[in-house]
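Architecture at a glance
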Amino acid sequence: MNRDAIISCQGLQKRYSYKLALNGLTLEIPRGRIVGLLGPNGSGKTTFIKLVSGLLTPTAGELLVGGHRPGVESKRIVSYLPERTYLNDWMRVEGILEMFSDFYPDFNEAKARDMLERLGINPKDKLKTMSKGTKEKVQLILVMSREAELYLLDEPIGGVDPAARDYILDTIISNYSENATVLISTHLISDIEKVLDEVVFIKNGQMVLQSSVDDIRENRGVSVDQLFREEFRC
Amino acid sequence: MLGKLIKYEFKATGRLLLPVYGALLLMGGVVNLGLTLQGKLPVLKFAQGVLIFAYVALMVAAFALSFFVVISRFYKNLICDEGYLMFTLPVKASTHLLAKTVVSTVWSLTTAAVAAGSLLLMGAGHGVISKLPGALRMADAAIKGELGMGVSELLLWTLFTFLISMVMTNLMCYLSISIGQFGRGHRILTSVGAYLVLNVVVQSISTVALLISCLFTGLDFFGDVPIGQLAGFLRMVFALSIGLSVFFGICFYLGSNFILSKKLNLE
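So, here is what we can say about the structure in this document. Along each chain, residues carry numbers from 1 onward, in the same order as the chain's sequence is written. Labels are handed out in written order, letters beginning with A for the chains and numbers beginning with 1 for the ligands. Totals for whole chains, interfaces and linings use all residues, but because this is a predicted model, local features are given only for residues with pLDDT of at least 70 and pairs of side-chain atoms are given and counted only at 80 or more. Remark: hydrogens and water are excluded; side-chain values derive from all non-hydrogen atoms of the structure.

**Considerations on helix α7 (residues 187–217) of chain B**
All names here are of chain B. Where helices and strands are cited, they refer to DSSP runs of H or I of at least four residues and of E of at least two residues respectively, numbered from the N terminus. One fewer than the residue count of a helix, multiplied by 1.5 Å, yields its expected span. Here α7 contains 31 residues, and its C-alpha end-to-end distance of 44 Å stays within 8% of the 45 Å for a straight helix at 1.5 Å per residue. Each residue gets one of three labels from its accessible area relative to the maximum for its type: buried under 20%, exposed over 50%, partly exposed in between, using a 1.4 Å probe on protein chains only. Restricting attention to buried positions, one finds in α7 the residues R187, S191, A194, L198, V202, A209, S213 and C214. We call two residues contacting when some pair of their heavy atoms lies within 4.5 Å. Contact partners of the buried residues in α7: α2 (45–79), α6 (151–180) and α8 (230–262).

As structure tokens, then:
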């Protein structure tokens, strides 16, 4: 497997008692690219991301993240934004800032405070009192304030209004480290297409396509959104 | 990293438990005050019963709450949504488990110490503390006559057994909750089921162990223990109880560690 790729997997399988979520997935995600992990609901996107972030253990196959099996070393270089809010409800914002600073040497607290201030979020506010949308923004700021090698964003714009979507995409583009990879999993293609360098289509737990966005547009003459609709027609 | 995790554990649990400890100590003081005032205002005698009842209720609540806070913290912080944050920190699962075990043990011991302190506070100034050595001497003579063992030895055995079993119970709950994460959509139910099964296993093994010990010492498991052998029998039961608690505690810890390190499947 290519140890220069930020993510490298071969024959990756994840079986639950009720379902085979990943069925022999083989792919490589290069460094320094914004990659879209695209597929319909239940195709295995979240399962793959959770395996890369170390929240699940594979049933079979090989997976390397930054040259390491998912573990303490890979978690140091990966910044993960899940679909759900994972913050300790009882904490204040400054508490969670302190926690990120404590555990992640690459966390840029000044940058995070600046972004929070621009959004009008008071660090002394309790997370419990915030709306779901505000908590999601706090989470996004925490994740993007890390100078990580890999950002894993699981459905970052699902369930938010169009203005918030633009804000989120702008935050992602203007804050990730230059040589880092951003892997965004989503089924909202048309919104995200403009920021992507590369796409991976995933279906029934397997990769069906990996291509640069330029290649799709120039050689196939379609947008990614159109290709997606063709590929995953019901 | 362990130190940092322990810091956040204490922050998260202390904010709930410290006020309870404060209330318990305060209540001890209030009862003490009640006893003092009662001497000067006999009409307050009726309130004594109410105060004592409230005090006992608060004591029971303190122990129950201390247990609940520690167990629910494990569930909420590792198996629920917060687990997505905790298990993506660059920290081994075993370190998470160790941090929670250390903190829950400290809280279990602190609850017992605060309860004792509160009792002393309740009796201070009413001659309870000055009368204590005399009362202990009387109890010592009485218990030695019945059991062949002094009161201080009996108290020490009881205290030690109680504290170790508190820690073992915490670890049994941790393992039950770790097993519970396999119960997709029914995590709490699976945890409760696992707890009941583990309880049955612990009780069964303990009974068998006691039976075997009786066989070895020549005591009749089903009959009465002769008076002369009572002290020895008690020491054996206590030692066995402590030994088994330590053994089970280690097994539960290793089990939780294995599941969280190798079989993590956060929903």
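**Looking at the nonpolar core**
We define a nonpolar core as any set of buried Ala, Val, Leu, Ile, Met, Phe, Trp, Tyr and Cys residues linked to one another through side-chain atoms lying within 4.5 Å. If you look at the biggest cluster of nonpolar residues, it comprises 134 residues, and the most contacted ones within it are I7, F48 and L183 of chain A. Beyond its immediate stretch of four places on either side in the chain, L183 of chain A contacts I7, I29, V35, L37, F48, I49, L150, Y151, L152 and L153 of chain A. The next biggest cluster of nonpolar side chains, apart from the first, holds five residues, and it includes M149, L154, A231 and L234 of chain B.

**Side note on a positive patch on the surface**
On the surface, R92, K126 and K128 of chain A together with R15 of chain B cluster together to form a positively charged patch. Among the structural elements, R92 of chain A can be located in the loop between β5 (78–81) and α3 (93–103). Like charges are joined within 9 Å and nonpolar side chains (Val, Leu, Ile, Met, Phe, Trp, Tyr) within 5 Å, but only among residues with over 30% relative accessible area and no salt bridge; these make up the patches. The protein chains shown are the only cover counted for residues, whose accessible areas, like all others here, come from Shrake-Rupley with a 1.4 Å probe. In the sections that follow, a salt bridge refers to a side-chain nitrogen of Lys or Arg positioned within 4 Å of a carboxyl oxygen of Asp or Glu. Think of it this way: Lys and Arg go in the positive column, Asp and Glu in the negative one, and His and the chain ends go nowhere. For the purpose of locating charges, the reference atoms are NZ of Lys, CZ of Arg, CG of Asp and CD of Glu.

**Regarding the packing of α3 of chain A against helix α4 (residues 109–118) of chain A**
Residue and element names in this part refer to chain A. Relative orientation of the contacting elements α3 and α4 amounts to 155°, with a least axis distance of 10 Å. On the basis of the axis angle, α3 is roughly antiparallel to α4. As α3 runs across α4, the sense of the crossing is right-handed. In this structure, α3 uses V93, E94, L97 and S101 to contact α4, whose residues at the interface are E109, A112, R113 and L116. Only the stretch in contact is used when fitting a helix axis, every axis being a line fitted to C-alpha atoms; angles between N-to-C directions are given from 0 to 180 degrees. Oblique is the label for any angle not under 35 degrees, not over 145, and not in the 65 to 115 range, which are roughly parallel, roughly antiparallel and roughly perpendicular in turn. Note on convention: near helix rotated counterclockwise from far helix by under a right angle means a left-handed crossing. Clockwise means right-handed.

**A word on the environment of L210 of chain B**
All names here are of chain B. By secondary structure assignment, the location of L210 is in helix α7. On the basis of relative accessibility, which here comes to 22%, the residue L210 falls in the partly exposed class. The spacing of L210 and L171 is 39 residues in sequence and 22 Å in space, taken between C-alpha atoms.

**Considering the interface of chain B and chain A**
Every contact between the two is made by 29 residues of chain B and, on the other side, 29 residues of chain A. For the pair chain B and chain A, the summed buried area comes to about 2700 Å², and 60% of that belongs to carbon and sulfur atoms. Area buried by chain B at its contact with chain A is led by Y8, Y84 and L85 of chain B, which between them contribute 25% of it. Summed over the shared surface of chain B and chain A, the number is four salt bridges. Between D102 of chain A and K7 of chain B there is a salt bridge, and its shortest N-O distance comes to 2.8 Å. Pairs of N or O atoms are called polar contacts if they sit within 3.5 Å, as long as, within protein, a hydrogen donor faces a hydrogen acceptor (for residues adjacent in sequence, only side-chain-to-side-chain pairs). Where chain B touches chain A, the interface holds 15 residue pairs in polar contact (both at pLDDT 80 or more). Secondary-structure elements contributing two or more residues to the side of chain B that touches chain A are α1 (2–40), α2 and α3 (83–86) of chain B. Accessible area that two parts lose when put together, evaluated with a 1.4 Å probe and summed over both, is termed the buried area.

**Regarding the pairing of strand β7 (residues 181–186) of chain A**
Residue and element names in this part refer to chain A. Here β7 lies mainly inside the structure; six of its six residues are buried. If DSSP finds at least two bridges between two strands, the strands pair. Strand direction decides the pairing type here: strand β3 (residues 34–38) and β7, joined by five bridges, are parallel. Across the sheet, I34 pairs through a bridge with V182, a residue of β7. Pairing of strand β6 (residues 150–154) with β7, which is carried by five bridges, proceeds in the parallel orientation. Residue L153 lies in a different strand from β7, and its bridge partner there is I184. Handedness of the crossover joining β6 and β7 through helix α6 (residues 162–175) is recorded here as right-handed. If the strands point away from the viewer and the path from the first strand over the helix to the second runs clockwise, then the crossover is right-handed.

**Looking at the packing of helix α5 (residues 132–144) of chain A against α6 of chain A**
Residues and elements named next belong to chain A. Running from N to C, α5 and α6 cross one another at 10°; their axes reach a closest spacing of 10 Å. Compared by their axis directions, α5 and α6 come out roughly parallel. Residues K137, L140, I141 and M144 of α5 form the contact with α6, whose own contacting residues are Y167, I168, T171, I172 and N175. Residue composition of the contact of α5 with α6, by class: six nonpolar, two polar and one charged. Three categories are distinguished: nonpolar for Ala, Val, Leu, Ile, Met, Phe, Trp, Tyr, Cys and Pro, charged for Asp, Glu, Lys and Arg, and polar for the others, with Gly belonging to the last.

**Observations concerning the layout of surface pockets**
Note on definitions: the grid is 1 Å and covers protein atoms alone; a cavity is a set of points where a 1.4 Å probe fits but cannot get out; a pocket is an open set with protein on both sides within 12 Å along at least five of seven lines; lining residues have an atom within 4 Å of a point. Grid points are joined across faces, edges and corners, and a volume is the space filled by probe spheres set on the points. The computed volume of the largest pocket comes to approximately 700 Å³. Of all the elements in the fold, those that place two or more residues in the lining of the largest pocket are β1 (7–15) and α1 (45–53) of chain A. Its residues assigned to classes, the lining of the largest pocket shows eight nonpolar, ten polar and eleven charged. Taken as a whole, the second largest pocket holds about 560 Å³ of empty space. In this structure, the second largest pocket is lined by 22 residues; those nearest its centre are T57, P70 and G71 of chain A together with S261 and K262 of chain B. Put simply, the parts of the chain that give the lining of the second largest pocket at least two residues each are β4 (60–65) and α2 (72–77) of chain A together with α4 (93–123) and α8 of chain B. Broken down by element, the residue count for the lining of the second largest pocket peaks at four residues, all from β4 of chain A. Within the lining of the second largest pocket, the residues separate by chemical class into eleven nonpolar, six polar and five charged.

**A look at the packing of aromatic side chains**
Two rings from Phe, Tyr or Trp (for Trp, the six-membered ring) form a pair when their centres sit within 6.5 Å of each other. Planes less than 30 degrees apart are called stacked, planes more than 60 degrees apart edge-to-face, and all others tilted. Under the defined criterion, the tally for this structure stands at 15 aromatic pairs over all chains. For the ring pair Y80 of chain A and Y84 of chain B, a centre distance of 6.4 Å and an interplane angle of 20° mean the geometry is stacked. Of this pair, Y80 of chain A sits in strand β5 while Y84 of chain B sits in helix α3, which puts the two residues in different chains. Comparing Y80 of chain A with Y84 of chain B, the two get one shared label, buried.

**Regarding empty space enclosed by the protein**
Overall, the coordinates contain two cavities of 30 Å³ or more when judged by the stated rule. Lining the largest cavity, in full, are V78, S79, Y80, Y86, F100, Y104, V143 and R146 of chain A together with L85 and T88 of chain B. Considering each element in turn, the lining of the largest cavity owes the most residues, three residues, to β5 of chain A. Of the residues in the lining of the largest cavity, the class split is seven nonpolar, two polar and one charged. In this structure, the second largest cavity occupies an estimated 40 Å³ of space. Every residue along the wall of the second largest cavity is listed here: E9, T13, V70, R73, F74, K100, V103, S104 and Y174 of chain B. If you list the elements that add at least two residues to the lining of the second largest cavity, you get α1, α2 and α4 of chain B. When grouped by side-chain class, the residues that make up the lining of the second largest cavity number four nonpolar, two polar and three charged.

**A look at the sheet that holds strand β2 (residues 20–29) of chain A**
Residues and elements named next belong to chain A. The sheet built from three strands is open, its strands ordered β2-β1-β4 with antiparallel pairing. Sheet topology places β2 and β4 at the edges, where each strand pairs with a single neighbour. Neighbour-to-neighbour, the strand axes of this sheet turn through a mean angle of 20°, independent of strand direction. Inspection of the sheet shows β1 paired to β2 by seven bridges, in the antiparallel sense. Along β2, the bridge assignment pairs C9 with L27.

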